[in-house]
Each structure stands twice: as C-alpha cells, then as structure tokens.
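Structure at a glance
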Amino acid sequence: QVQLVESGGGLVQAGGSLRLSCEASGRTFRDQAMGWFRQAPGKERNFVAGIAWSRSTDYADSVKGRFTISRDNAKNTVYLQMNSLKPEDTAVYYCAADATINSYTRREEYEYDYWGQGTQVTVSS
C-alpha cells in the first residue's frame, strides 16, 4: 500500500522558515514527478511546487524565489523549504506523487495519483 506522509508543518512568524518533508512508502518514486499543493480555508487546493524525475523544478508565481523543492531518492522523500513566509502562505500543505515513469513536473491535481494527508502551516503576522 502506497503512503505519503507529510511532516514539518507548524506555527511560524512572518519572515520565518519551515521545511516540509514527504516520505513515501510502499513503492519508490525516484522516476516519477512529485509535487506540493496547498489549500487555504475556504479556497481551492492550488499547485505550489513540483519536481520531475530529472530534478527539474517548477513553482507557482506566488512562491517563486522563496520556496525550494528538492528530493532525496535514497530516502524516497521530497522536501519543501519555505523561507520568507507570509501570512498568505497559511494553508494545509499536501504532498503528491505521479505514477508515470519519467514524468515531468505536473501542475494539475488530476495528474497525480497519490496524495498525503496534509500538514498545517500557519504564519502569524
């Protein structure tokens, strides 16, 4: 059974940093794209960042220059380093993985096959 488990969320002041982790189990995702999405209260879930099997990356405009996605295939884990956090970054952050081999970065929810349960990030002003 495939599982994605996020960790690293929490409460931080504006301008601070957090590092989210997403550990996969049940299969390896070293040849697949993985991504991060977020959902603020009362809003739709939106793309944040994605990383391809080749390690090429893609970011939403709202986080470009502040967030960095990376992966450690040996640990079957993807990370999201979040710097210069703003109150508008407050949301539940979800990790996602694509089952397609050699997949490039994905921005749409339907392009991902597996999802984590989410981790709350709250940024206070």
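Being a predicted model, the structure only gives us computed values, none of them experimental. (Residues numbered from 1 in each chain as written. Predicted model: local features only at pLDDT ≥ 70, side-chain atom pairs only at ≥ 80, totals over all residues. Heavy atoms only, no water.)

As a further point, take the nonpolar core. Judged by nonpolar contacts, the single largest core of 31 residues is most densely connected at Met-34, Trp-36, Leu-80, Met-82 and Tyr-93. Residue contributions to this core peak at five residues, all from strand β9 (residues 91–97). (Core = buried A, V, L, I, M, F, W, Y, C linked by side-chain atoms within 4.5 Å. Buried < 20%, exposed > 50% of the residue type's maximum accessible area, 1.4 Å probe, protein only. Helix = DSSP H or I, 4+ residues; strand = E, 2+ residues; numbered from the N terminus.)

Take the sheet that holds strand β3 (residues 18–25) next. Taken together, the four strands give an open sheet; going across it, the order is β1-β3-β8-β7, and neighbouring strands pair in antiparallel fashion. The strands lining the two open edges of the sheet, one partner per strand, are β1 (3–7) and β7 (67–72). Ignoring strand direction, the axes of neighbouring strands in this sheet form an average angle of 15°. Both β1 and β3 contribute to a ladder of five bridges, which runs antiparallel. Looking at the pairing, Ser-7 lines up with Ser-21 of β3. (Pairing = 2+ DSSP bridges. Axes fitted to C-alpha atoms, helices over the stretch in contact; angles between N-to-C directions.)

Let us now look at the environment of Ala-91. Structurally, Ala-91 can be placed in strand β9. For the pair formed by Ala-91 and Asn-76, sequence separation is 15 residues and the distance between their alpha carbons is 24 Å. In contact with Ala-91, other than residues within four places in its own chain, are Arg-38, Gln-39, Ala-40, Thr-119, Gln-120 and Val-121. (Contact = heavy atoms within 4.5 Å.)

On to the pattern of salt bridges. By the definition in use, this model includes six salt bridges. We note a salt bridge from Arg-45 to Glu-109, for which the minimum N-O separation is 2.9 Å. Of this pair, Arg-45 sits in strand β5 (residues 45–51) while Glu-109 sits in the loop between β9 and β10 (114–115), placing them 64 residues apart in sequence. When the shortest N-O distance is used, the salt bridge between Asp-89 and Arg-66 registers 2.7 Å. Separated by 23 residues along the polypeptide, Asp-89 in the loop between β8 (77–82) and β9 and Arg-66 in the loop between β6 (57–59) and β7 bring together distant segments of the chain. We note that Asp-89, like Arg-66, is buried. Sharing partners across several salt bridges, the network here consists of Arg-38, Arg-66 and Asp-89. (Salt bridge = Lys/Arg side-chain N within 4 Å of Asp/Glu carboxyl O.)

Fair warning: the whole summary comes from geometry, so function is off the table for now.
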